[in-house]
Amino acid sequence: MQTDTYSKLPEHVAVIMDGNGRWAAARSLPRHAGHRAGVKSVRRTVETAARRGVRHLTLFAFSSENFQRPPDEVNKLMGLFVEALRREVDELHRNNVRLQLIGARERLDPGLARKIAAAEERTRANTGLHLIIAVAYGGRWDIVEAARSLGRRVAEGALDPRDIDERALASQLQLAGVPDPDLLIRTGGERRVSNFLLWNIAYAEIFFCDALWPDFGEREFDEALGFYARRQRRYGHTGEQLEAVVKC
Ligand code: IPE
Ligand code: IPE
Ligand code: MG
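All figures in this text were calculated on a predicted structure; none of them were measured in a lab.

Peer 1: Can you break down the site of ligand 2 residue by residue, with the values?
Peer 2: With respect to spatial proximity, the complete set of residues near ligand 2 consists of I16, M17, D18, F60, A61, F62, S63, N66, R69, R186, R192 and S194. N66 is positioned with one of its side-chain polar atoms (N or O) 2.9 Å from an oxygen atom of ligand 2. Between S194 and ligand 2, the recorded distance is 2.6 Å, taken from a side-chain N or O atom to an oxygen atom. Within the complex, 78% of the 390 Å² of free accessible area of ligand 2 lies under protein. Tallying contributions element by element places strand β2 (residues 56-63) first for the shell around ligand 2, with 4 residues. Here the residues of the shell around ligand 2 sort into 5 nonpolar, 3 polar and 4 charged.

Peer 1: Describe the site of ligand 1, listing the residues and the values that go with them.
Peer 2: Near ligand 1, the surroundings consist of M17, D18, G19, N20, G21, R22, R31, H35, A61, N66, R69 and L77. One of the backbone N or O atoms of G19 is found 3.3 Å from an oxygen atom in ligand 1. Residue R69 places a side-chain N or O atom 2.8 Å away from an oxygen atom belonging to ligand 1. Protein coverage of the free-state accessible area of ligand 1, which is 380 Å², stands at 87%.

Peer 1: Account for the packing of helix α2 (residues 31-52) against helix α3 (residues 71-94), naming residues and giving values.
Peer 2: Where α2 contacts α3, the axes come no closer than 11 Å and their chain directions differ by 25°. Considered as vectors, α2 and α3 are oriented roughly parallel to each other. Taken as a pair, α2 and α3 cross one another with a handedness that is right-handed. Contacts between α2 and α3 involve R31, H32, H35, R36, V39, R43 and V46 from the former and E73, K76, L77, L80, E83, A84, E88, E91 and L92 from the latter.

Peer 1: An account of the packing of α3 against helix α4 (residues 110-123) is requested, with residue identities and associated values reported.
Peer 2: The axes of two packed helices give the description: the angle between them and the distance between them. Relative to each other, α3 and α4 sit at 15°, their axes nearing to 10 Å. Classified by the interaxial angle, the pair formed by α3 and α4 is roughly parallel. Pair α3 / α4 crosses with left-handed handedness. Residues M78, F81, V82, L85, V89, D90 and H93 of α3 touch α4, and the partners they reach there are L112, K115, I116, A119, R122 and T123. Across the contact of α3 with α4, the residue classes tally to 8 nonpolar, 2 polar and 3 charged.

Quick notes on the rules
Residues numbered from 1 in each chain as written. Chains lettered and ligands numbered in written order. Predicted model: local features only at pLDDT ≥ 70, side-chain atom pairs only at ≥ 80, totals over all residues. Heavy atoms only, no water. Near = heavy atom within 4 Å. Polar contact = N/O pair within 3.5 Å; in protein donor to acceptor, adjacent residues only side chain to side chain. Areas by Shrake-Rupley, 256 points an atom, 1.4 Å probe, with all protein chains shown as cover. Helix = DSSP H or I, 4+ residues; strand = E, 2+ residues; numbered from the N terminus. Nonpolar A, V, L, I, M, F, W, Y, C, P; charged D, E, K, R; others polar. Axes fitted to C-alpha atoms, helices over the stretch in contact; angles between N-to-C directions. Parallel < 35°, antiparallel > 145°, perpendicular 65-115°, else oblique. Left-handed = near helix turned anticlockwise from the far one by under 90°. Contact = heavy atoms within 4.5 Å.

Rendered as structure tokens:
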């Protein structure tokens with residue numbers, strides 16, 4: 001690895017892990033085999049992110065809309081989450097990883113929700129990679145929930161509507177307290193955000209990658225980091241303004 005390539009390392013990387021079904025279809029395997037291969041890719045990506053020094057890694061595992069898939073696929077995916085938690089949490093904990101779930105927990109099987117809560121509790125004090133898994137998550141759902149929570153506080157008289165600003169809304173989102181993703185990666189060749197982290201990716205650099213998720217490895221991750229390192233993040237300023245700041 002050329003360390004100078006990553007002089008600008010993203011603090012927070014978010015990933016839309018897409019392409020498991022096509023990976024399986026290309027091998028005449030059932031979709032479930034693609035999801036299983038996808039779990040291995042998750043493990044690899046977590047290891048690479050930790051090694052490169054990324055602080056927060058958010059993985060989109062199952063969207064609000066994915067509940068519309070055939071029940072058999074949904075059940076098998078939920079089964080895979082349970083299995084992955086059982087197999088991986090010890091090692092994540094040993095590696096100082098803090099695990100967090102974002103999404104509508106009430107839509108999950110209570111047994112799975114309990115296992116997630118236990119894993120979060122166990123790893124809460126860890127100071128290494130912050131691994132965030134989005135399950136039953138939708139960006140619009142997240143914003144609606146945040147608005148509802150602000151509305152409740154207004155109704156209780158605890159919040160003046162004039163004090164509702166971007167900071168107040170962000171404080172009620174699932175990723176409250178976590179810096180916005182700097183880099184968003186989508187595998188699988190589609191160029192869309194599919195209702196992921198709509199609020200938080202306002203200024204993310206987006207890397208679309210043709211590799212299907214089970215084929216996404218260290219090389220592809222490094223390509224995304226290289227892409228990020230070459231971006232100039234202007235946040236509405238001109239390039240000249242930013243260069244003047246750098247020179248000062
Ligand atoms: C992503 O892979 C995993 C989930 C959405 C759960 P897909 O299952 O969407 O794979 P493709 O897009 O059909 O290839
Ligand atoms: C996005 O993938 C959701 C996840 C990766 C969890 P989809 O496969 O569901 O996205 P669409 O339906 O092609 O937009
Ligand atoms: Mg897909």
